[in-house]
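The lines below spell out each chain.
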Amino acid sequence: MCGIVGAIAKRNVVPILIEGLKRLEYRGYDSAGVAVVDGKDNGKLQRVRSTGRVAELEKLSQAEHVSGELGIAHTRWATHGVPSEKNAHPHISGGISVVHNGIIENHDELRARLRSQGYVFLSDTDTEVIAHLVHSFYKGGATLFDAVRRTTAELIGAYAIAVVSENDRTHLVVARHGAPLLLGLGEGENFAASDASALIQVTQKIVYLEDGDCAEVKLDRVTIVNAKGDVVERPVHISQLSASAVELGNYTHYMQKEIFEQPMAVANTLEMVTSAQSVSPQLFGAEAGRIFSDIDSVLILACGTSYNAGMVARYWLEGVAGIPCSVEIASEYRYRESVPHPRTLVITVSQSGETADTLAALQYAKSLGLLYSLSICNVPESALVRASDLRFLTRAGPEIGVASTKAFTTQLAALILLTMVLAKLRGRLTTERETELLHQMRHLPTALANVLHVEPQIKMWAEKFATRHHALFLGRGIHWPIAMEGALKLKEISYIHAEAYAAGELKHGPLALVDKHMPVVAIAPKDALLEKLKSNLQEVRARGGELHVLADQDTKLTDAEGLHVIRMPDHAGILSPILHTIPLQLLAYHAALERGNYVDKPRNLAKSVTVE
Ligand code: F6R
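Residues numbered from 1 in each chain as written. Predicted model: local features only at pLDDT ≥ 70, side-chain atom pairs only at ≥ 80, totals over all residues. Heavy atoms only, no water.

Participant: Could you give me a rundown of the packing of aromatic side chains, with the residues and numbers involved?
Facilitator: Tallied over the full model, the rule gives four aromatic pairs. Ring centres 5.2 Å apart and planes at 35° place the aromatic pair Phe 284 and Phe 392 in the tilted group. Of this pair, Phe 284 sits in the loop between helix 8 (271–274) and helix 9 (288–294) while Phe 392 sits in strand 20 (residues 390–393), and the two are 108 residues apart along the sequence. A residue is classified by how much of its surface remains accessible, and Phe 284, at 0% relative accessible area, is buried. An aromatic cluster of at least three residues, connected via ring pairs, comprises Phe 284, Phe 292 and Phe 392. The ring of Phe 121 carries the charged tip of Arg 111 above its face, separated from the ring centre by 5.2 Å. The ring centre of Tyr 315 lies 5.8 Å from the NZ or CZ of Arg 314, which sits over that ring. (Phe/Tyr/Trp six-rings, centres within 6.5 Å; stacked < 30°, edge-to-face > 60°. Helix = DSSP H or I, 4+ residues; strand = E, 2+ residues; numbered from the N terminus. Buried < 20%, exposed > 50% of the residue type's maximum accessible area, 1.4 Å probe, protein only. Lys NZ or Arg CZ within 6 Å of the ring centre and 35° of its normal.)

Participant: Run through the site of the ligand, naming residues and quoting values.
Facilitator: The environment of the ligand is made up of 14 residues, and the closest members are Ser 306, Ser 350, Gln 351, Thr 355 and Glu 492. Separating an oxygen atom of the ligand from a backbone N or O atom of Ser 404 is a distance of 2.9 Å. A distance of 2.5 Å separates an oxygen atom of the ligand from a polar side-chain atom of Glu 492. A per-element tally of the shell around the ligand places helix 10 (residues 304–319) first, with three residues. (Near = heavy atom within 4 Å. Polar contact = N/O pair within 3.5 Å; in protein donor to acceptor, adjacent residues only side chain to side chain.)

Participant: Lay out the packing of helix 16 (residues 455–465) against helix 19 (residues 576–594) with the relevant residues and their values.
Facilitator: Between helix 16 and helix 19, whose axes approach to 8 Å, the crossing angle comes to 50°. Classed by the angle they form, the pair helix 16 and helix 19 counts as oblique. You can see that helix 16 and helix 19 cross each other, and the crossing is right-handed. Across the interface between the two elements, Glu 455, Ile 458, Lys 459, Trp 461, Ala 462, Glu 463 and Phe 465 of helix 16 pack against Pro 583, Leu 586, Leu 587, His 590, Ala 591 and Glu 594 of helix 19. Residue composition of the contact of helix 16 with helix 19, by class: eight nonpolar, one polar and four charged. (Axes fitted to C-alpha atoms, helices over the stretch in contact; angles between N-to-C directions. Parallel < 35°, antiparallel > 145°, perpendicular 65-115°, else oblique. Left-handed = near helix turned anticlockwise from the far one by under 90°. Contact = heavy atoms within 4.5 Å. Nonpolar A, V, L, I, M, F, W, Y, C, P; charged D, E, K, R; others polar.)

Participant: Outline the nonpolar core, supporting the account with residue identities and numerical values.
Facilitator: Formed by 91 residues in total, the largest nonpolar core has its most connected members in Phe 284, Phe 292, Val 298 and Phe 473. Among the elements that take part in this core, helix 14 (residues 406–425) stands out by supplying 12 residues, more than any other. Lining this core are residues from two domains, each supplying at least three of them: domain 2 (254–429) and domain 3 (454–594). Once residues within four sequence positions are removed from consideration, Phe 292 is found in contact with Pro 281, Phe 284, Leu 345, Leu 390, Leu 418, Val 421, Leu 422 and Leu 425. (Core = buried A, V, L, I, M, F, W, Y, C linked by side-chain atoms within 4.5 Å. Domains from an automatic or database assignment.)

Participant: An account of the packing of helix 15 (residues 431–451) against helix 19 is needed here, citing residue identities and associated values.
Facilitator: Packed helices, taken two at a time, are described by the angle their axes make and the gap between the axes. It is at 9 Å that the axes of helix 15 and helix 19 come closest, and there the two elements cross at 25°. As judged from the angle between their axes, helix 15 and helix 19 are roughly parallel. Read as a crossing pair, helix 15 and helix 19 show a hand that is right-handed. Contacts between helix 15 and helix 19 involve Leu 444, Ala 447, Leu 448 and Val 451 from the first element and Ile 578, Leu 579, Ile 582 and Pro 583 from the second.

Participant: Hey, could you go over unusual backbone geometry for me, with residue numbers and the actual values?
Facilitator: The omega angle of the peptide bond from His 89 to Pro 90 is 0°, so this bond is cis rather than trans. With respect to the helices, strands and loops of the structure, Pro 90 is situated in the loop between strand 4 (68–76) and strand 5 (91–93). The phi dihedral of His 65 is positive, around 50°, even though this residue is not glycine. With respect to the helices and strands, the residue His 65 is situated in the loop between helix 2 (54–63) and strand 4. Accessibility expressed as a relative area gives 61% for His 65, which makes it exposed. Positioned with a positive phi, Tyr 495 is a non-glycine residue whose angle comes to about 65°. Within the secondary structure, Tyr 495 is located in the loop between helix 17 (480–494) and strand 22 (497–502). Here Tyr 495 falls in the partly exposed class, since its relative accessible area comes to 24%.

Participant: Kindly report on the domain arrangement of the protein, identifying the contributing residues and their values.
Facilitator: As a measure of interface size, the accessible area lost when the parts come together is often cited. Considered domain by domain, the protein is made up of domain 1 (3–246), domain 2 (254–429) and domain 3 (454–594). Each partner contributes residues to the interface: domain 2 has 22 residues there, and domain 3 has 21 residues. Interface area for domain 2 against domain 3, summed over the two sides, is near 1900 Å², with a carbon-plus-sulfur share of 75%. Taken together, domain 2 and domain 3 are joined by zero salt bridges. One can count eight residue pairs in polar contact (both at pLDDT 80 or more) joining domain 2 with domain 3. Of all the secondary structure elements, the ones that give two or more residues to the side of domain 2 that touches domain 3 are helix 6 (254–260), helix 10 and helix 14. Counting residues per element, the side of domain 2 that touches domain 3 draws most heavily on helix 10, which supplies eight residues. Of the residues that constitute the side of domain 2 that touches domain 3, the class distribution is 14 nonpolar, eight polar and no charged. (Buried area = accessible area lost by both parts, 1.4 Å probe. Salt bridge = Lys/Arg side-chain N within 4 Å of Asp/Glu carboxyl O.)

Participant: Give a detailed account of the pattern of salt bridges, specifying residues and quantitative values.
Facilitator: Inspection of the entire model under this criterion finds 25 salt bridges. Ionic pairing is found between Arg 234 and Asp 213, a salt bridge with its closest N-O pair at 2.8 Å. Here Arg 234 is found in the loop between strand 14 (231–232) and strand 15 (236–238), whereas its partner Asp 213 is found in the loop between strand 11 (205–208) and strand 12 (214–218), with 21 residues between them in sequence. The exposure class of Asp 213 is buried, given its relative accessible area of 1%. Among the ionic pairs, Asp 220 bridges to Arg 221, the shortest N-O distance being 3.7 Å. Each of the salt bridges in this network shares a partner with another, and the network as a whole consists of Lys 257, Glu 261 and Lys 406.

Participant: Hey, could you go over the environment of Asp 30 for me, with residue numbers and the actual values?
Facilitator: Along the chain, Asp 30 falls in the loop between helix 1 (14–24) and strand 2 (31–38). Here the alpha-carbon distance between Asp 30 and Lys 601, two residues 571 residues apart in the chain, equals 11 Å. Setting aside residues up to four positions removed in sequence, Asp 30 forms contacts with Thr 51, Arg 76, Trp 77, Ala 78 and Pro 83. At 3.0 Å, the side chain of Asp 30 forms a polar contact with the backbone nitrogen of Ala 78.

Participant: I'd like a rundown of the pairing of strand 21 (residues 470–475), residues and numbers included.
Facilitator: Within strand 21, five of the six residues are buried, leaving the element largely enclosed by the surrounding structure. In this sheet, strand 22 lies alongside strand 21 in parallel orientation, the contact comprising six bridges. When the sheet's bridge partners are listed, His 470 is paired in strand 22 with His 497. The parallel pair strand 21 and strand 22, bridged by helix 17, forms a crossover whose chirality is right-handed. (Pairing = 2+ DSSP bridges. Right-handed = clockwise from strand over helix to strand, strands pointing away.)

Participant: Summarise the side chain of Asp 38; cite the residues concerned and give the values.
Facilitator: Following the sequence through the fold, Asp 38 ends up in strand 2. The class of Asp 38 is buried, set by a relative accessible area of 9%. Excluding its chain neighbours within four sequence positions, the residues that come into contact with Asp 38 are Gly 43, Lys 44, Gln 46, Ser 67 and Arg 169.

Here's what the structure looks like:
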């Protein structure tokens with residue numbers, strides 16, 4: 001999704017801005033641009049924009065000798081107006097240049113007003129109204145800072161913006177409301193960005209802006225004013241991101257790297273319990289003991305893959321901890337009239353912690369009077385973490401591939417821990433069962449590493465899948481959401497239409513789709529539903545459907561005409577959904593490669609969906 005970088009220094013900032021954009025590329029974008037106040041030419045704005053990759057923008061800026069000590073840059077993921085050079089940011093209005101993440105909802109009425117004042121619009125974007133609005137106040141005598149403040153007072157919607165003026169080379173101005181933005185503090189130079197990873201190469205000192213903040217960023221200091229207009233200090237954080245964590249190393253794609261990092265990512269996430277004899281609520285925050293004892297139900301809010309993790313957790317939370325649990329797609333919940341129950345723990349699950357719908361759903365839940373919130377998230381200091389009473393940080397490391405992989409399995413690891421803690425508090429976890437589960441969790445990284453060995457067999461399946469237009473994924477019970485995750489992965493990176501069904505639902509409709517052209521994937525662990533699942537698989541075979549089954553060792557399912565079986569190396573009891581995810585990720589990855597797709601940046605998608 002859109003990314004912002006801004007810099008002021010006593011050196012040419014173009015390489016800093018371009019490097020920052022490269023580090024944000026993983027979020028997905030369709031155009032990019034940079035604007036700097038020219039160091040040599042009387043402070044004139046120089047701008048280059050491109051609908052290609054950031055590397056192309058870099059070449060263009062070198063060819064056009066763009067350089068300056070103050071500048072802003074942007075990667076755009078189109079919302080208003082097609083991806084094109086004219087719609088790419090930065091936008092300019094009479095010496096003012098602006099980059100923007102988010103959506104301005106009242107852009108039509110602002111555009112009409114600005115047109116009546118004589119402003120001419122050159123793009124189809126909502127952002128251009130911001131540039132003209134700032135300019136209209138600035139030319140009326142306001143300072144750049146005041147012009148930005150007066151502008152933001154008129155904006156309805158979500159935004160993070162960075163603004164420079166060619167008439168004022170001493171600072172840039174940034175503001176945020178509903179979209180992430182932070183400052184980076186250097187030695188005699190300062191920066192701004194939408195994500196700390198964009199600044200790894202220049203500073204680790206990060207100041208997260210709050211909603212409503214507007215900041216003036218100078219060479220030697222930053223001044224932050226809050227929504228009320230008071231000058232405020234915000235804490236300085238030392239970013240733990242390391243440049244090597246976001247490098248590809250020996251892998252060809254980030255998705256491949258992230259699939260193979262899962263044993264380590266899960267081990268890191270569970271590190272605090274690896275040597276423990278028992279679990280405790282403190283894993284989720286100092287207040288967790290009190291809050292967990294007061295709740296009588298759980299509501300999980302999330303999107304996409306994180307929603308699928310929530311769906312798995314429902315089986316654990318109700319089946320093991322005996323606590324009523326509902327799971328809702330955040331974008332639906334936020335607009336649905338629901339019956340609030342104050343003693344519900346609202347759990348948001350998110351890789352990025354910045355997903356606009358999940359954030360809004362949490363705020364909506366709070367507005368309904370739900371008292372307690374917990375965020376399960378991969379990004380410390382993200383908006384969801386900061387907005388929640390309790391938190392559990394998955395320690396997957398930066399996830400760069402747009403298709404979520406290690407974030408999902410680490411979310412599941414966090415959710416099983418939560419299940420154990422709640423089960424214990426509710427008297428539903430014996431000491432023997434706790435010890436047994438902790439043992440299984442300690443073994444999980446090894447079990448994950450073993451499953452990765454099925455890759456050559458999966459690759460053979462993927463070669464066939466790549467030639468098909470549709471695929472069906474089946475699972476029962478707790479493995480139904482894993483089938484959903486398998487279908488989501490396949491469609492988003494291979495562009496093969498895939499659907500997931502609870503296998504028992506097959507004969508209520510989707511069985512009509514099954515013929516010899518329809519590959520069907522079934523997840524068949526040795527659990528209480530295995531015999532039921534086998535009957536469902538017979539229904540598929542009887543209709544000529546080609547079955548691809550992920551089976552545990554002792555399921556007595558073997559290869560036959562139209563039946564392809566991969567044996568899972570380990571049976572992991574209630575942790576089985578975590579293991580069964582791996583072959584499905586590999587299937588999607590290899591099918592996408594076979595089809596020649598750009599796996600890390602699937603078309604039309606973005607990492608971290610910060611707009612509604
Ligand atoms: C799919 C995928 C998305 C995200 C969703 C939520 O592979 O990555 O479906 O899971 O956009 O994102 P987070 O987890 O950052 O809230």
